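What the coordinates show
Chain residues, written in single-letter form:
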Amino acid sequence: MKTSKKVLVALGVVLIVACAKSGHINLPGHGNREYRNLVESVENYVSSRLHNGETVEFGSKYNCEDYIEKDEVRFSANIVFYVISEDGTPEKHIAHVVCNEDKDRIIEWKDII
């Protein structure tokens, strides 16, 4: 009887891992990783366009939506970020961003303000 319980537990673990890898369930921290990916993607995108020693700081996101386009999951949101001048003065900007499902690649960028 003890052997069958061990087999069932092992089978359960294998099924959970298989479901997690296939994207059917999210493991703890999954949303945090996607958020970090989004922050890094936005900061890298903006930083590549800055001059004169400016830096970028992620602010927030709103009007977030997941949708499917051409059989690919997309994430759409308005992003608030700040461009910090050399003297430390922040300048607020807002952009509409479309990313891939993992939020680690920006597909579209449209400045709003």
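Structure: above.
Below you will find a few notes about this structure. (Residues numbered from 1 in each chain as written. Predicted model: local features only at pLDDT ≥ 70, side-chain atom pairs only at ≥ 80, totals over all residues. Heavy atoms only, no water.)

Sheet topology note: the strand 3 (residues 90-100)/strand 4 (residues 106-111) ladder contains five bridges and is antiparallel. Following the sheet pairing, cysteine 99 is matched in strand 4 by isoleucine 106. In sequence, strand 3 turns back onto strand 4 through a hairpin of five residues, with lysine 103 there showing a positive phi of about 65 degrees. (Pairing = 2+ DSSP bridges. Helix = DSSP H or I, 4+ residues; strand = E, 2+ residues; numbered from the N terminus.)

Its identity as a non-glycine residue notwithstanding, asparagine 63 has a phi of 55 degrees, on the positive side. Tracing the backbone shows asparagine 63 in strand 1 (residues 55-69). Accessibility expressed as a relative area gives 58% for asparagine 63, which makes it exposed. Positioned with a positive phi, lysine 103 is a non-glycine residue whose angle comes to about 65 degrees. (Buried < 20%, exposed > 50% of the residue type's maximum accessible area, 1.4 Å probe, protein only.)

Time to look at the pattern of salt bridges. Tallied over the entire structure, the rule returns one salt bridge. When the shortest N-O distance is used, the salt bridge between glutamate 34 and lysine 103 registers 3.1 Å. Here glutamate 34, found in helix 2 (residues 30-47), pairs with lysine 103, found in the loop between strand 3 and strand 4; they are 69 residues apart in sequence, far enough to count as distant. Judged by relative accessible area, which is 7%, lysine 103 ranks as buried. (Salt bridge = Lys/Arg side-chain N within 4 Å of Asp/Glu carboxyl O.)

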